[in-house]
Amino acid sequence: MGRAVARRNRGLSNWRSLRWKIAALVALASCAVATTVGVLVHRSTSERLMGLGRDRAFSALVSALDDYSRTGATPTDADPAQIPPALLQQAVSTGQHRTWYDDRRSEIPWMWAVQPVDGRILAVRVDMGSEMRSLQALDRNIVAASLAVLAVVVPLAVLAAELPHRRLRKVARTARRIADGDLEARTMVDGRGGDEITEISVTLDSMADALRDRLLSEQRFTADVAHELRTPLMGLVVSTDLLPDSEATALVRDRVQVLRELVEDLLEISRLDSGAERADRASVPLGRLVEESVARTGVQARLTVIGDPVADTDPRRLDRIISNLVSNAHRHGRAPVDVTVNGASIVVRDHGPGFPDELLAEGPQRFRTGAAERGQGHGLGLTIATGQARVIGAALAFTNAPEGGAIATLRLRSEIGPQG
């Protein structure tokens, strides 16, 4: 439960997630719509108010012309010196009445109307302050309404995106489980949804079924081959014991022994692949166990034990892992081979060319050593070591030292502590 909450919190804080991308897209679309509507409403209202202002100014000009024709008086509220020069020039050049919105003083906007009469300029102006304040109030209301809509739409978009986001997370979790070796993991989608996520889920389940069937077929083939070879191989071993001692006999016995080890490795891999192997745990002193394992390999290795750690593990499987790692370092690397036991970690290092990039990226692969400079082999030793580590719940990592050499680090699942 705690891990699920942590993953959900990480998803909420991950701005790259699909949830937030959908929310951002909805927010941008909403902003674009609100801006477009706001601009259209603003322009329409502004043109309407300007039209009303021109009508008022023209009505005032008509009234002033009527007074001028009757009394000869000119309006006193409009100072001719304040008439915008551009408006004055238009009126003089055309000889007709002209209107002009004057916003040179933003706090006191005016609508001017002028008419040349008897060589004079008759001018009136009307206050546009109330209209402009109404327009500004309209703009503020549009902005406030847009923000209110965004405050509602964006959370709704996040909630709406949660369902496909949750389905995609389920697909991702299933894919990770399959990648980790759980070939029975499925999204359990029936395919009736009809959308792209359903199609991805169904395809993933089909891929997992095909992958499981192929791996099971490969495992059965490996196990069958190993079992079928075991019987004639044992007869071959017995036959070689009956041969007279000679150089040729020694060579034959050596090759038969290599073939016997290969068959035993194949049988062990088939058992590991079946998933039926279980660890038989016991409290063991790591230093002494690793020392005995290294000694049984018959190769030279420098052993360093820090403290006197004791761990709860399967000694037989741990012995198999250590012997395979040391033998691999001796066979494919270069001396000296160093084995270090520090707490629950066991490190085996050689001073050869290091592990190939393919092994570091994909892990050990059977019947593939990955690089010619690592020597010849079947690629089964590290594969078995990885499988046995999985059975005892340990982590086996492969790296290369910066100054050269391959490093295999085995971290046991738990450490009891120093032996008393």
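Residues numbered from 1 in each chain as written. Predicted model: local features only at pLDDT ≥ 70, side-chain atom pairs only at ≥ 80, totals over all residues. Heavy atoms only, no water.

**Focus on the overall build of the protein**
Along the backbone of the protein there are 10 helices and 11 strands. For the protein, the residues scored as buried account for 35% of the 420 residues in total. Sequence-distant contacts in the protein: of pairs separated by 6 or more residues, those separated by 24 or more amount to 62%. Counting every atom, the protein has about 24,900 Å² of accessible surface; 56% of that belongs to carbon and sulfur. (Helix = DSSP H or I, 4+ residues; strand = E, 2+ residues; numbered from the N terminus. Buried < 20%, exposed > 50% of the residue type's maximum accessible area, 1.4 Å probe, protein only. Contact = heavy atoms within 4.5 Å. Areas by Shrake-Rupley, 256 points an atom, 1.4 Å probe, with all protein chains shown as cover.)

**Describing helix 4 (residues 129-179)**
Helix length check: helix 4 (51 residues) gives 71 Å between terminal C-alpha atoms against 75 Å at 1.5 Å per residue, within 8%. Of all bends in helix 4, the biggest is about 35°, found at Glu162, and the proline Pro164 comes one to four residues later. Just beyond helix 4, the residue with positive phi is Gly181, at close to 110°. (Expected span 1.5 Å × (residues − 1). Bend = angle between axes of the 7 residues up to and from the residue.)

**Some thoughts on helix 8 (residues 315-332)**
With 18 residues, helix 8 should cover 26 Å at 1.5 Å per step; its first-to-last C-alpha distance of 25 Å lies within 8% of that length. Here helix 8 has its buried residues at Arg317, Leu318, Asp319, Ile321, Ile322, Ser323, Asn324, Leu325, Val326, Asn328, Ala329 and His332. You can read the cap of helix 8 off the contacts: a side-chain oxygen lies 3.1 Å from the backbone nitrogen of Arg316, and it is on Asp314. (Polar contact = N/O pair within 3.5 Å; in protein donor to acceptor, adjacent residues only side chain to side chain.)

**A few points about the side chain of Thr187**
Take Thr187: it is sitting in the loop between helix 4 and helix 5 (196-242). Residue Thr187 is classed as buried on the basis of its relative accessible area, which comes to 1%. A polar contact of 3.4 Å, which involves the side chain of Thr187, links it to the backbone oxygen of Ser201. Excluding residues within four positions of it along the chain, Thr187 makes contact with Lys170, Val171, Thr174, Ser201, Leu204 and Asp205.

**Some words on the pairing of strand 3 (residues 120-127)**
In this structure, strand 2 (residues 110-117) lies alongside strand 3, joined through 8 bridges in antiparallel fashion. Residue pairing across strands places Val117 opposite Arg120, the latter belonging to strand 3. Counted along the chain from strand 2 to the antiparallel partner strand 3, the turn is 2 residues long, and its residue Asp118 has a positive phi close to 55°. (Pairing = 2+ DSSP bridges.)

**Thoughts on the nonpolar core**
Among the nonpolar cores identified, the biggest contains 32 residues, and Leu318, Ile322, Leu325, Ile346, Phe398, Leu410 and Leu412 are the most heavily contacted of them. The leading source of residues in this core is helix 8, at 6 residues. Filtering out sequence-adjacent residues up to four positions away, Leu410 remains in contact with Leu318, Ile321, Ile322, Ala344, Ser345, Ile346, Ala389, Ala394, Ala395 and Leu396. Core analysis: the second largest hydrophobic core is formed by 13 residues, Met50, Ala113, Val117 and Met128 among them. (Core = buried A, V, L, I, M, F, W, Y, C linked by side-chain atoms within 4.5 Å.)

**Details of empty space enclosed by the protein**
Applying the stated criterion to the full structure yields 1 cavity of 30 Å³ or more. Of the voids in this model, the largest cavity is the one considered here, and its volume is about 50 Å³. As for the largest cavity, its lining consists of Leu325, Asn328, Ala329, Val348, Asp350, Phe355, Leu382, Ala406 and Ala408. Elements supplying a minimum of two residues to the lining of the largest cavity: helix 8 and strand 10 (406-411). Its residues assigned to classes, the lining of the largest cavity comprises 7 nonpolar, 1 polar and 1 charged. (1 Å grid on protein atoms, 1.4 Å probe; cavity = no way out; pocket = protein on both sides within 12 Å on 5 of 7 lines; lining within 4 Å. Points joined across faces, edges and corners; volume = space filled by probe spheres on them. Nonpolar A, V, L, I, M, F, W, Y, C, P; charged D, E, K, R; others polar.)

**Thoughts on the packing of aromatic side chains**
Inspection of every chain in the model, using the stated rule, returns 1 aromatic pair. An angle of 80° between the planes, with centres 5.3 Å apart, marks the rings of Phe355 and Phe398 as edge-to-face. On the criterion of sequence distance, the pair formed by Phe355 in the loop between strand 8 (345-349) and helix 9 (357-362) and Phe398 in strand 9 (residues 395-400) is long-range, its members being 43 residues apart. Note on Phe398: relative accessible area 12%, which makes it buried. It is Arg125 that lies over the ring of Trp110; its NZ or CZ is 4.0 Å from the centre. (Phe/Tyr/Trp six-rings, centres within 6.5 Å; stacked < 30°, edge-to-face > 60°. Lys NZ or Arg CZ within 6 Å of the ring centre and 35° of its normal.)

**Side note on the sheet that holds strand 1 (residues 98-102)**
Strand order in the open sheet formed by 3 strands is 1-2-3, with antiparallel pairing between adjacent strands. For this open sheet the edge positions go to strand 1 and strand 3, each flanked by a neighbour on one side alone. When the angles between neighbouring strand axes are averaged without regard to direction, this sheet yields 25°. Pairing of strand 1 with strand 2, which is carried by 5 bridges, proceeds in the antiparallel orientation. Following the sheet pairing, Asp102 is matched in strand 2 by Trp110. Contacting strand 1, strand 2 and strand 3, helix 3 (residues 85-94) crosses the sheet at an angle of about 175° to strand 1. (Axes fitted to C-alpha atoms, helices over the stretch in contact; angles between N-to-C directions.)

**Notes on the packing of helix 2 (residues 18-71) against helix 4**
For the pair helix 2 and helix 4, interaxial distance at closest approach is 8 Å and the crossing angle is 165°. Judged on the interaxial angle alone, helix 4 and helix 2 are roughly antiparallel. The crossing of helix 2 and helix 4 is right-handed. Across the contact of helix 2 with helix 4, the residue classes tally to 22 nonpolar, 7 polar and 6 charged. (Parallel < 35°, antiparallel > 145°, perpendicular 65-115°, else oblique. Left-handed = near helix turned anticlockwise from the far one by under 90°.)

**As for the environment of Ala276**
Among the structural elements, Ala276 can be located in the loop between helix 6 (247-274) and strand 4 (282-285). Put simply, Ala276 and Val391 are 115 residues apart on the chain and 9.4 Å apart in space, counted from C-alpha to C-alpha.

**Here we look at the sheet that holds strand 10**
Hydrogen bonding along the main chain pairs the strands of a sheet, whether they run parallel or antiparallel. Taken together, the 5 strands give an open sheet; going across it, the order is 5-7-8-10-9, and neighbouring strands pair in mixed fashion. Whereas interior strands pair on both sides, the edge strands pair on one side only; in this sheet they are strand 5 (302-306) and strand 9. In this sheet, adjacent strand axes meet at a mean angle of 15° when their direction is disregarded. Strand contacts of helix 8: strand 7 (338-342), strand 8, strand 9 and strand 10, with the helix running at about 20° to strand 8, the strand carrying the most contacts.

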